[in-house]
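# Structural characterization, general
The lines below spell out each chain.
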Amino acid sequence: MPESAREEMAVLLGVDHVLTAPEDRLGRASGLSYLDLLRRRGQGDFPVPDAVVLPADPEQVQGVLEICARYDVGVVPFGGGTSVVGGVSALRGSKDAVVTLDLARLDRLVSVDPVSRIAVLQAGVRGPDAERLLGAYGFTLGHVPQSFERATIGGFAATRSAGQASAGYGRFEDMVSGVRLATPRGEWRLGVAPASAAGPDLRQLAVGSEGALGVITEVAVRVRPVPLVRHYTGYVLDGWERGSAAVRTLAQHRVPADVIRLSDVDETEVSLSLNAGWKTSALRRYLDTRGVLEPCLLIVGFEGQSTREVSARRRETGRLLKKAGALRLGRTLGESWRRGRFSGPRQRDALLDNGVCVETLETAAHWSKLSQLRDEVRDALTKSLGSPIVMCHVSHAYEMGASLYFTVLTARDSDDPIGQWERAKRAACEAIDGLGTISHHHAVGVDHASYLEAEIGTLGIDVLRAAKAAVDPTGILNPGKLLT
């Protein structure tokens with residue numbers, strides 16, 4: 001990093017907020033994918049930024065970009081560091097130097113409009129802190145992805161995040177009313193009304209731009225009253241086809257559930273083993289007597305303002321599920337899932353310690369292609385890895401289709417652990433091509449960039465390149481991400 005650029009940063013931010021110590025740079029050098037964790041354990045190299053800068057407000061973010069533009073220094077925006085697709089890797093691209101721009105100090109609730117139910121949050125606010133800040137006004141965002149404990153408001157927006165309760169609260173882009181970005185060309189503010197016909201909705205260009213078109217500094221979001229009643233229930237259906245048909249029925253009847261999550265047989269076996277003594281319990285015997293040979297667990301969750309409201313929604317859902325052949329297992333399983341839903345990422349270190357390759361991937365497709373997509377991805381992973389455990393669930397359901405979330409476990413190849421997963425992920429991505437999207441909510445980052453053109457076309461890539469040239473003419477923003 002040019003010394004003069006570092007000095008200008010220190011004047012702008014204060015010397016304590018321009019970090020160059022190895023531990024500071026290493027701590028913001030990558031995300032939390034399986035390959036990121038392997039590399040941090042010494043299995044291969046990874047790029048490290050030349051410095052970490054911590055601006056305090058949107059104006060300082062703008063100032064950092066102007067300095068970096070003058071000195072042609074790459075800038076990697078960093079929120080919670082939870083990307084699993086290389087989105088925060090400190091790649092340089094064509095630049096001689098790169099800094100990580102950590103948004104941790106942008107941690108304020110800027111404003112609350114209780115009449116319109118809109119709150120403005122700075123980009124560095126983490127999920128739990130957003131709920132705490134909004135809760136003081138009686139509101140919730142209701143956005144709870146698995147990365148909730150670490151991920152930030154800016155990261156949610158930059159990656160088009162989808163929370164576990166998206167059936168009721170919507171995906172994050174559905175919540176965004178406005179957005180404020182810093183770009184090398186100047187500040188950009190979008191969103192003045194709940195709906196507009198004033199040309200294309202440029203908010204949706206900013207949301208999902210992954211730091212390549214600007215650094216998001218503030219997000220105006222729709223908020224709702226904090227729920228007073230929560231009720232999560234477990235059901236089981238016999239077989240994937242019957243289970244996915246039931247979920248499709250719920251989605252197409254617009255059943256007002258907030259969480260709808262269907263696990264396939266393999267994931268169900270693991271879930272019930274952990275939660276209910278699956279192999280030897282009365283539950284297993286009960287399912288046998290009811291003729292459930294391939295149990296698929298369905299979690300349905302409701303959040304509302306009164307017991308009466310939630311009960312009415314539960315009755316409608318229960319009626320449809322009973323007609324679809326579902327057996328109600330009760331609230332214990334549903335609440336167990338809700339309490340343990342953030343535990344998956346914490347288990348990875350223990351699995352890595354025991355020589356396990358463990359990773360996830362996700363996609364989405366229309367209902368008519370969903371089962372084919374699931375089968376082909378599973379087959380691709382199995383052929384590549386030999387005899388893995390491949391678990392799958394529907395994490396988000398829509399009228400026209402659903403997402404699929406895969407968890408893969410297999411014995412780690414001690415000779416080439418990185419290549420082992422790279423080959424498997426490539427096989428899965430090739431299986432997805434033509435059937436579904438390359439990413440439903442993990443974003444593009446580095447890992448999916450080479451597959452983007454197949455999904456949006458050469459002309460679509462040209463449109464994105466033109467947008468980037470307009471706001472980032474020298475290409476300093478998040479080199480190597482989204483666009484290759």
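Residues numbered from 1 in each chain as written. Predicted model: local features only at pLDDT ≥ 70, side-chain atom pairs only at ≥ 80, totals over all residues. Heavy atoms only, no water.

Before going further, it helps to examine the overall build of the protein. When helices and strands are counted, the protein shows 18 helices and 18 strands. Its C-alpha atoms give the protein principal-axis dimensions of roughly 75 × 60 × 40 Å. Among the 484 residues that make up the protein, the fraction classed as buried is 55%. At a minimum sequence separation of 6, the contacts of the protein that also span at least 24 residues come to 75%. A total of about 20500 Å² of accessible surface is found on the protein, and carbon and sulfur atoms cover 51% of it. Distance between charge centroids for the protein: 8 Å, based on 57 positive and 58 negative side chains. (Helix = DSSP H or I, 4+ residues; strand = E, 2+ residues; numbered from the N terminus. Buried < 20%, exposed > 50% of the residue type's maximum accessible area, 1.4 Å probe, protein only. Contact = heavy atoms within 4.5 Å. Areas by Shrake-Rupley, 256 points an atom, 1.4 Å probe, with all protein chains shown as cover. Lys, Arg positive; Asp, Glu negative; His and termini not counted. Charge placed at Lys NZ, Arg CZ, Asp CG, Glu CD.)

This brings us to the sheet that holds strand β13 (residues 259-263). Strand order in the open sheet formed by seven strands is β15-β12-β14-β13-β17-β18-β16, and the pairing between neighbours is antiparallel. Both edges of this open sheet fall to β15 (327-330) and β16 (356-366), since each of them pairs with a single strand only. Between one strand axis and the next, the sheet turns through 25 degrees on average, direction left out of account. Where strand β12 (residues 229-238) and strand β14 (residues 295-304) come together, 10 bridges link them in antiparallel fashion. Paired with L237 across the two strands is C296, which belongs to β14. Helix α13 (residues 307-323) rests against β12, β14 and β15 of the sheet, and its axis sits at about 155 degrees to β14. (Pairing = 2+ DSSP bridges. Axes fitted to C-alpha atoms, helices over the stretch in contact; angles between N-to-C directions.)

Taking strand neighbours across the sheet as the criterion, the four strands line up as β1-β2-β4-β3 in an open arrangement whose pairing is mixed. Looking at which strands have only one partner, the edges of the open sheet turn out to be β1 (18-19) and β3 (74-78). Of the strands in this sheet, β2 (51-53), β3 and β4 (98-102) are in contact with helix α4 (residues 58-71), which crosses β4 at around 175 degrees.

Looking now at the nonpolar core. I153 and F172 are the most contacted members of the largest nonpolar core, which has 64 residues in total. Considering each element in turn, this core owes the most residues, five residues, to α4. Other than its neighbours up to four places away in sequence, I153 contacts L121, Q122, A123, V125, A130, L141, F172 and V219. (Core = buried A, V, L, I, M, F, W, Y, C linked by side-chain atoms within 4.5 Å.)

Turning our eyes to something else, we now look at the layout of surface pockets. Roughly 870 Å³ of internal volume is contained in the second largest pocket. Together, 37 residues line the second largest pocket, and R160, R171, T437, S439 and E455 are the ones closest to its centre. Ranked by residues supplied to the lining of the second largest pocket, first place goes to helix α18 (residues 452-471) with five residues. Its residues assigned to classes, the lining of the second largest pocket shows 18 nonpolar, 12 polar and seven charged. (1 Å grid on protein atoms, 1.4 Å probe; cavity = no way out; pocket = protein on both sides within 12 Å on 5 of 7 lines; lining within 4 Å. Points joined across faces, edges and corners; volume = space filled by probe spheres on them. Nonpolar A, V, L, I, M, F, W, Y, C, P; charged D, E, K, R; others polar.)

What follows concerns the packing of aromatic side chains. This model, assessed by the stated rule, comprises three aromatic pairs. For the pair F148 and F342, a centre-to-centre distance of 5.6 Å together with 20 degrees between the ring planes defines the contact as stacked. Note that F148 is positioned in the loop between β7 (139-140) and α6 (153-158) and F342 in the loop between α14 (331-340) and α15 (344-353), a separation of 194 residues in sequence. Under the relative-accessibility criterion, F148 is labelled buried at 11%. Plain terms: the ring middles of F156 and F172 are 5.5 Å apart, the flat faces sit at 55 degrees to each other, and that makes the pair tilted. Of this pair, F156 sits in helix α6 while F172 sits in helix α8 (residues 172-175), placing them 16 residues apart in sequence. (Phe/Tyr/Trp six-rings, centres within 6.5 Å; stacked < 30°, edge-to-face > 60°.)

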